[in-house]
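# Summary of structural features
In case you want the letters, here they are:
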Amino acid sequence: MTHLPNRRRRFLLNSAAWCTSSLLAPLAAHADTRPFDPGPADGWRVFELTTKVEPINSGAATTVWIPVPSVDVPDWIRPMGNLWQGNATTVREWHDPVQGAGLIEASWDAGCAAPTLEITSRVATRDRAVDLARPGRAPALDAATRALYTRPTHLAPLDGIVGKTARNITAGAHGDLAKARAIYEWIVENTQRNPKVRGCGLGDIRFMLETGDLSGKCADLSALFTGLARAAGLPARDVYGIRVADSRFGYHSLGKSGDVSGAQHCRAEVWLEEFGWVPVDPADVRKVVLEERPGLTLASPIVAAARKTLFGAWEMNWVAYNTAQDLALPDGPTIPFLMYPQGRCGSTMLDSLSADTFAYDIKARELKSTL
């Protein structure tokens, strides 16, 4: 398909049934106070993400790489396509051939006075829940996928203190479910959310374990889960994405709507032989403790409910971008993960968390769905 840099591109819909005028109407926000039990019975939701990028001109050629939803799992997330407009010299959609991460790459010549790019993506999501009391037999994980999600990464080696910690946590645990749960519970008990960390953190788990500083944000705590799980022999992966709506279950800390420029969030999955990929989110348990309301502890009922639910279920008021780590950007550097817009002016990488040099905003809205 030809990608036209300065002209609007229509959506590529996975199903003709999705191409309906009802998708164009905004959906009013809705929340309830049901028990925290997300599941697929709540049905499909459709979200629209609009990312506007305006990198500060410094007289040099500029390139940006913008993540777009590229995790496609028919049971819980279905990307519906992307469109873009702006004054870039070149624009293309790119997908990593090994890890599948998708992005829009745009470049401007040095003479462009006011670079601008706007990308709109649509994606359908459905809440996930795995009934861990009903083991079955998941299809076997192919060798290439198993190798990809049991390998060490630059910030998450599997030997040394990481391997030792994993062995200590899982000692006495029989079976992969017991090992995964032991790691999850250990992280919930021993980590803290640190609001002073920039963005979502780095995910440097060896540093965390060597220093004993187990505080951080979602990219740190999720990486700690996946690194320890891999060191224990369990395939596991971080899933990088962004919150797109308020929680329907009354958790103020576990949602964001409207302007979601700073609402990036990393979750994790672990492969269990009797269940397949199981969603977990220990970082959000710690987020509830810190942010839901003052004075909460792990013993508080609202925290206990989140702790129970977030081993095996996700509310999908969140859109997954990708699961890539140590990702080589096309014509660019290798980065630990792709969850924020990335940019380069001349030979200098822009700070993805600084609006002074790399101005961008991301807005989300929910659309009516007929799925």
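Presented here is a report on the structure given in the accompanying data block.

Each value, and the rule that gives it
- Here, residues in each chain are numbered from 1, in the same order as that chain's written sequence.
- Since the coordinates come from a predicted model, pLDDT governs what is reported: local features require at least 70, and pairs of side-chain atoms require 80 or more to be given and counted, while whole-chain, interface and lining totals use all residues.
- Side-chain descriptors were evaluated using all non-hydrogen atoms of the structure, hydrogens and water having been removed beforehand.
- Two strands qualify as a pair provided that DSSP identifies no fewer than 2 bridges between them.
- Numbered from the N terminus, helices here are DSSP runs of H or I no shorter than four residues, and strands are runs of E no shorter than two.
- Orientation is described by lines fitted to C-alpha atoms, with helices fitted over the stretch in contact, and by angles between N-to-C directions that extend from 0 to 180 degrees.
- In these notes the angle categories are as follows: under 35 degrees is roughly parallel, over 145 is roughly antiparallel, 65 to 115 is roughly perpendicular, and the rest is oblique.
- Take the far helix as your reference; a near helix turned counterclockwise from it by less than a right angle gives a left-handed crossing, and one turned clockwise gives a right-handed crossing.
- Here, two residues are considered to be in contact whenever any of their heavy atoms come within 4.5 Å of each other.
- Lys, Arg, Asp and Glu make up the charged group, whereas Ala, Val, Leu, Ile, Met, Phe, Trp, Tyr, Cys and Pro make up the nonpolar group; the residues left over, Gly among them, are polar.
- Residue exposure (1.4 Å probe, protein chains only): buried if accessible area is under 20% of the type maximum, exposed if over 50%, otherwise partly exposed.
- Residues adjacent in sequence count toward polar contacts only when both atoms are side-chain atoms; beyond that, a polar contact is any pair of N or O atoms within 3.5 Å, and within protein one must be able to donate a hydrogen and the other to accept it.
- Positive charges are assigned to Lys and Arg, negative charges to Asp and Glu, while His and the chain termini are left out of the count.
- Just to be clear on terms, a salt bridge is a Lys or Arg side-chain nitrogen sitting within 4 Å of an Asp or Glu carboxyl oxygen.

### Re the sheet that holds strand 11 (residues 258–259)
- The antiparallel open sheet is built from five strands, whose spatial order is 3-6-1-20-11. Of all strands in the sheet, those with a lone pairing partner are strand 3 (77–86) and strand 11, marking the two edges.
- Inspection of the sheet shows strand 3 paired to strand 6 (residues 117–126) by nine bridges, in the antiparallel sense. Paired with Gly86 across the two strands is Leu117, which belongs to strand 6.

### Overview of the packing of helix 3 (residues 176–190) against helix 6 (residues 282–291)
- One can describe the packing of helix 3 onto helix 6 by two numbers: an axis separation of 9 Å at closest approach and a directional angle of 25°. Our classification of the angle between helix 3 and helix 6 gives roughly parallel. The handedness of the crossing between helix 3 and helix 6 comes out as right-handed. Contacts between helix 3 and helix 6 involve Tyr184, Ile187, Val188 and Glu189 from the first element and Pro282, Val285 and Arg286 from the second.
- Split by residue class, the contact of helix 3 with helix 6 holds five nonpolar, no polar and two charged.

### Looking at the side chain of Arg128
- In this structure, Arg128 sits in strand 7 (residues 128–129).
- What makes Arg128 buried here is its relative accessible area of 8%.
- A polar atom in the side chain of Arg128 sits 3.4 Å from the backbone oxygen of Trp277.
- Each residue touching Arg128, except ones within four places of it in the same chain, is listed here: Pro38, Gly39, Trp76, Glu269, Trp277, Pro279, Gly312, Ala313, Trp314 and Met316.

### Focus: the side chain of Lys217
- Structurally, Lys217 is set in the loop between strand 9 (215–216) and helix 5 (218–231).
- There is no salt bridge for the buried Lys217, and the closest opposite charge comes from Glu291, which lies 6.6 Å off by N-O distance.
- Of the polar contacts made by the side chain of Lys217, one reaches the backbone oxygen of Val197; its length is 2.8 Å.
- Discounting residues that sit within four places of it in the chain, Lys217 has contacts with Arg193, Asn194, Pro195, Val197, Gly199, Cys200 and Gly201.

### A look at the pattern of salt bridges
- Counted according to the given criterion, the structure contains 19 salt bridges.
- Notably, a salt bridge pairs Asp42 with Arg248, separated by 4.0 Å at the nearest N-O pair. With a gap of 206 residues between them, Asp42 in the segment before strand 1 (44–55) and Arg248 in the loop between strand 10 (236–243) and strand 11 connect regions that are remote in the sequence.
- Take Asp42: its relative accessible area is 28%, and that puts it in the partly exposed class.
- Salt bridges sharing common partners tie together Asp42, Asp127 and Arg248.

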